[in-house]
Amino acid sequence: MKKALYSALSAFALIGSALAAQAAAPTGDYVEARTASVFAGACHYNGEVVADGREAVMAWHINSGDWHGVPLAGLSAVAVVRADDNLAASDAHRTAMLYVDAAASAAQQKALADALTAQCGASFGKVTSVTPTAISFKHLASGGFRVS
């Protein structure tokens, strides 16, 4: 009886901690800008698929949540990604520089970088640097965003 009760309590504890981790997952806004034209004409598209589309700027603003117990609400980050081929190519060799919110504590900066690398590592490729910097992430009245 005690063994069955202990097993049931252990299972509930594991389920509860898994649910708590999910409930605290970082959520917020994401904006991405990539190089290349938005139109696709015959020669433009074929030329740009190899020559353009190698860079991207990705930006996040965390509205709520944490990463491994470190609160991230209110923080922002920006990744600048460059590849040797179009970013649409899955085998493109990518490198990234990650900028984390300078307003965050050292623990928050590390947690923010770790969370983004864990979630977006394939998009980043090799992260060559993580640099704290002032980041402004604003919603515009027009419905767009401005990140600087």
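Analysis parameters
Per chain, residue numbering runs from 1 following the sequence as it is written. For this predicted model, a pLDDT threshold of at least 70 governs which residues receive local features, and a threshold of 80 or more governs which side-chain atom pairs are given and counted, while totals over whole chains, interfaces and linings are taken from all residues. The basis for every side-chain value is the complete set of heavy atoms in the structure, and neither hydrogens nor water enter the calculation. Helix and strand definitions follow DSSP, with helices as H or I runs of at least four residues and strands as E runs of at least two, each counted in order from the N terminus. Only protein chains enter the accessibility calculation, which uses a 1.4 Å probe. A residue is then buried if its area is under 20% of the maximum for its type, exposed if over 50%, and partly exposed in between. All accessibility values rest on the Shrake-Rupley procedure with a 1.4 Å probe; residue burial counts only the protein chains present in the view. Think of a 1 Å grid over the protein atoms and nothing else: a 1.4 Å probe that fits but is trapped marks a cavity, an open set flanked by protein within 12 Å on at least five of seven lines marks a pocket, and residues with an atom within 4 Å of a point count as lining. Grid points are joined across faces, edges and corners, and a volume is the space filled by probe spheres set on the points. Side-chain classes are defined by residue name, with Ala, Val, Leu, Ile, Met, Phe, Trp, Tyr, Cys and Pro counting as nonpolar, Asp, Glu, Lys and Arg as charged, and the others, Gly among them, as polar. Should DSSP find at least two bridges between two strands, the strands are regarded as paired. All axes are obtained by fitting lines to C-alpha atoms, using only the stretch in contact for helices, and the reported angles, taken between N-to-C directions, cover 0 to 180 degrees. We call two residues contacting when some pair of their heavy atoms lies within 4.5 Å. Surface patches are drawn from residues lacking salt bridges whose relative accessible area is over 30%; two like charges belong together within 9 Å, two nonpolar side chains (Val, Leu, Ile, Met, Phe, Trp, Tyr) within 5 Å. The working definition used for a salt bridge is a side-chain nitrogen of Lys or Arg within 4 Å of a carboxyl oxygen of Asp or Glu. Think of a polar contact as two N or O atoms within 3.5 Å of one another; within protein, one of them needs to be a possible hydrogen donor and the other a possible acceptor, and neighboring residues in sequence only count if both atoms come from side chains.

Caption draft 1: Highlighting the overall build of the protein. The helix and strand inventory of the protein stands at three helices and nine strands. Secondary structure elements of the protein occur, N-terminal to C-terminal, as α-β-α-β-β-β-β-β-α-β-β-β. Sorting the 148 residues of the protein into buried and exposed places 27% on the buried side. Carbon together with sulfur atoms contributes 62% to the accessible area of the protein, which is approximately 9,200 Å² in total.

Caption draft 2: The arrangement of unusual backbone geometry in detail. A positive phi angle is found at H68, which is not glycine, with a value near 50°. With respect to the helices, strands and loops of the structure, H68 is situated in the loop between β3 (66–67) and β4 (70–71).

Caption draft 3: Highlighting the layout of surface pockets. Considered as a void within the structure, the largest pocket measures approximately 320 Å³ in volume. Taken together, 20 residues form the lining of the largest pocket, with A25, P26, W67, A115 and Q119 sitting closest to its centre. Of all the secondary-structure elements, those providing two or more residues to the lining of the largest pocket are α1 (2–23), β1 (27–34), β2 (55–64), β3 and α3 (106–124). Of the residues that constitute the lining of the largest pocket, the class distribution is 13 nonpolar, five polar and two charged.

Caption draft 4: The sheet that holds β1, seen in detail. Read from one edge of the open sheet, five strands run β1-β2-β5-β6-β7, paired in mixed fashion. Two strands in the sheet have a free side with no partner beyond their single neighbour: β1 and β7 (126–133). When the angles between neighbouring strand axes are averaged without regard to direction, this sheet yields 15°. When β2 meets strand β5 (residues 76–83), the two strands line up antiparallel, connected through seven bridges. Of the residues in β5, the one forming a bridge with W60 is A77. Of the strands in this sheet, β2, β5, β6 (94–101) and β7 are in contact with α3, which crosses β6 at around 155°.

Caption draft 5: Representation of a nonpolar patch on the surface. On the surface, V57, V80 and M97 cluster together into a nonpolar patch covering about 200 Å² of accessible area. Looking at the element boundaries, M97 is found in strand β6.

Caption draft 6: Summary view of the side chain of N86. Within the element layout of this structure, N86 appears in the loop between β5 and β6. A polar side-chain atom of N86 sits 2.8 Å from the main-chain amide nitrogen of A88.

Caption draft 7: Geometry of the pairing of β6. Inspection of the sheet shows β5 paired to β6 by seven bridges, in the antiparallel sense. Looking at the pairing, V80 lines up with M97 of β6. Two strands pair when backbone bridges link them, and β6 and β7 are joined in this way by seven bridges, in the parallel orientation. From the neighbouring strand, T95 faces β7, where its bridge partner is K126.

Note that all results are geometric; they support no functional claim without further evidence.
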